[in-house]
Amino acid sequence: MEKLVNSYRYLIKKIYPARIYDVVDINLYKEVEKAHFKLEHSLVKDESLFLSYRNALFFFRKHISNAIKDGFGLIRNQLDDSDKYQLEATIQKLDGSLYDINELEEIVSYSNMIFSSYDLDMPLYSKNNEELSQSA
């Protein structure tokens with residue numbers, strides 16, 4: 001899960017640069033990690049452990065989905081058709097019933113690969129931006 005936390009931190013840093021050390025973001029991950037550890041290392045398979053894991057993963061997955069949607073919105077006009085299709089499919093998968101931590105890790109890593117190819121920090125060029133810069 002170390003790869004997931006690194007990929008997750010990169011995603012959040014790329015899309016929300018001001019939230020690098022946001023406690024809420026890290027706590028969502030820690031809840032999933034703790035629930036996953038308890039589920040994997042329990043001697044008795046208790047339904048409550050499985051439910052805790054699914055709940056923690058649900059909120060973490062939803063958080064990742066929202067971040068990817070926000071990043072997608074920032075670069076939608078810059079994306080080529082393939083990347084646009086991949087991000088749309090990723091968002092659809094995240095909004096579904098995904099509860100596999102390994103698949104979530106792959107999704108975050110792949111999304112990072114797409115986002116790293118684009119500059120999310122630069123505002124998109126538009127006529128309104130040009131008018132604002134001339135009037136300033």
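First things first, this report covers the structure right here in the doc. Position labels on residues start from 1 in each chain and follow its written sequence. In view of the model being predicted, local features appear only for residues whose pLDDT reaches at least 70, and side-chain atom pairs are presented and counted only at 80 or more, with totals across whole chains, interfaces and linings using the full set of residues. Note that the side-chain values use all heavy atoms of the structure and ignore hydrogens as well as water.

**Details of the overall build of the protein chain**
Logical step 1: For the protein chain, the helix and strand inventory stands at six helices and zero strands.
Logical step 2: By the criteria applied, helices consist of DSSP H or I runs no shorter than four residues and strands consist of E runs no shorter than two, each listed in order from the N terminus. Order of helices (α) and strands (β) in the protein chain, N terminus to C terminus: α-α-α-α-α-α.
Logical step 3: Burial here depends on accessible area, computed with a 1.4 Å probe over protein chains only, as a share of the maximum for the residue type. Under 20% is buried, over 50% is exposed, and the range in between is partly exposed. Within the protein chain, buried positions represent 35% of all 136 residues.
Logical step 4: For this analysis, residues touch if any pair of their heavy atoms sits within 4.5 Å. Long-range pairs, those at least 24 residues apart, make up 74% of the contacts in the protein chain between residues at least 6 apart in sequence.

**Structural notes on the environment of Phe 60**
Logical step 1: Tracing the sequence through the fold places Phe 60 in helix α3 (residues 47-75).
Logical step 2: Take Phe 60: its relative accessible area is 0%, and that puts it in the buried class.
Logical step 3: Spatially, the C-alpha atom of Phe 60 lies 7.2 Å from that of Val 32, the residues being 28 residues apart in sequence.

**As for the pattern of salt bridges**
Logical step 1: What makes a salt bridge here is a side-chain nitrogen of Lys or Arg within 4 Å of a carboxyl oxygen of Asp or Glu, nothing more. Counted by the stated rule, this structure contains four salt bridges.
Logical step 2: The closest approach of N and O atoms between Asp 95 and Lys 69, which form a salt bridge, is 3.0 Å. Note that Asp 95 is positioned in the loop between α4 (81-94) and α5 (101-116) and Lys 69 in helix α3, a separation of 26 residues in sequence.
Logical step 3: Assessed through its relative accessible area of 38%, Asp 95 is described here as partly exposed.
Logical step 4: Ionic pairing is found between Glu 103 and Lys 93, a salt bridge with its closest N-O pair at 3.4 Å. Here the residue Glu 103 occupies a position in helix α5, and Lys 93 occupies one in helix α4, the gap between them amounting to ten residues.
Logical step 5: Note on Glu 103: relative accessible area 26%, which makes it partly exposed.

**Let's talk about α5**
Logical step 1: The span you would expect from a helix comes to 1.5 Å times its residue count less one. The end-to-end C-alpha distance of α5 is 22 Å, a good match for the 22 Å that 16 residues give at a rise of 1.5 Å each.
Logical step 2: For α5, the set of buried residues is Ile 101, Leu 104, Glu 105, Ile 107, Val 108, Ser 111, Asn 112, Ile 114 and Phe 115.
Logical step 3: Two to three positions downstream of the cap, the backbone nitrogen of Asn 102 sits 3.1 Å from a side-chain oxygen, assigning the N-cap of α5 to Asp 100. Within 3.5 Å is the distance limit for a polar contact, defined as a pair of N or O atoms, with the added protein rule that one can donate a hydrogen and the other accept it, and that residues adjacent in sequence qualify only through two side-chain atoms.

**Re the packing of helix α1 (residues 2-15) against α3**
Logical step 1: Every angle, taken between N-to-C directions, lies between 0 and 180 degrees, and every axis is a line fitted to C-alpha atoms, over only the stretch in contact when it is a helix. Contact pair α1 / α3: the axes reach a minimum separation of 10 Å and the direction vectors enclose 40°. When the axes of α1 and α3 are compared, the pair comes out oblique. Every pair of crossing elements has a handedness; the one defined by α1 and α3 is left-handed. For the pair α1 and α3, contact is made by Leu 4, Tyr 8, Leu 11, Ile 12 and Ile 15 and by Phe 60, His 63, Ile 64, Ala 67, Ile 68, Asp 70, Gly 71 and Leu 74, respectively.
Logical step 2: For the contact of α1 with α3, a count of residues per class yields ten nonpolar, two polar and one charged. To sort the angles, those under 35 degrees are grouped as roughly parallel, those over 145 as roughly antiparallel, those from 65 to 115 as roughly perpendicular, and the leftovers as oblique. Note: crossing handedness is left-handed where the near helix turns anticlockwise from the far helix by less than a right angle, and right-handed where it turns clockwise. Each residue gets one label: Ala, Val, Leu, Ile, Met, Phe, Trp, Tyr, Cys and Pro are nonpolar, Asp, Glu, Lys and Arg are charged, and the others, such as Gly, are polar.

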